[in-house]
Amino acid sequence: MCILRLYVNGHNMEVPQSITTVVQLLEHLQLNKELAIVEVNAEILQPAERDSKEIKADDHIEIVQFVGGG
């Protein structure tokens with residue numbers, strides 16, 4: 001199986017090479033795309049950009065997800 005090496009929230013991560021977009025990465029990580037703020041290589045993505053933003057080897061991705069609580 002081919003892998004794609006990324007840096008996610010400061011950690012090395014390997015994902016299947018079939019993951020080519022930010023939204024696919026969020027789904028792979030089981031994160032809610034509606035609650036996530038994503039930055040790729042120091043560029044904050046607008047929500048509409050997540051579906052089409054391509055990721056490639058060695059990209060630096062930061063993901064912040066809001067969680068409700070009380």
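I will try to describe carefully the structure that is included in this document. (Residues numbered from 1 in each chain as written. Predicted model: local features only at pLDDT ≥ 70, side-chain atom pairs only at ≥ 80, totals over all residues. Heavy atoms only, no water.)

## Some details on the sheet that holds strand β3 (residues 36-40)
Next up, step 1: The mixed open sheet is built from five strands, whose spatial order is β2-β1-β5-β3-β4. Bordering the open sheet on either side are β2 (11-16) and β4 (43-44), each of which pairs with just one other strand.
Next up, step 2: Bridge count between β3 and strand β5 (residues 60-65): five bridges; the pairing is antiparallel. Its bridge partner lying in β5, I37 is registered against V64. (Pairing = 2+ DSSP bridges. Helix = DSSP H or I, 4+ residues; strand = E, 2+ residues; numbered from the N terminus.)

## Focus on the pairing of β2
Next up, step 1: Bridging between strand β1 (residues 3-8) and β2 involves six bridges; their strand directions are antiparallel. Residue pairing in the sheet places R5 in a bridge with E14 of β2.
Next up, step 2: Between β1 and β2, which pair antiparallel one after the other, the connecting turn spans two residues, and N9 there sits at a positive phi close to 50 degrees.

## Some words on the side chain of R50
Next up, step 1: Checked against the element boundaries, R50 lands in the loop between β4 and β5.
Next up, step 2: E34 provides the closest opposite charge to the buried, unpaired R50, separated from it by 4.6 Å.
Next up, step 3: At 2.7 Å, the side chain of R50 forms a polar contact with the backbone oxygen of A36.
Next up, step 4: When sequence neighbours within four positions are dropped, the list of residues in contact with R50 reads T21, V22, V23, L26, K33, E34, A36, V38 and L45. (Buried < 20%, exposed > 50% of the residue type's maximum accessible area, 1.4 Å probe, protein only. Lys, Arg positive; Asp, Glu negative; His and termini not counted. Salt bridge = Lys/Arg side-chain N within 4 Å of Asp/Glu carboxyl O. Polar contact = N/O pair within 3.5 Å; in protein donor to acceptor, adjacent residues only side chain to side chain. Contact = heavy atoms within 4.5 Å.)

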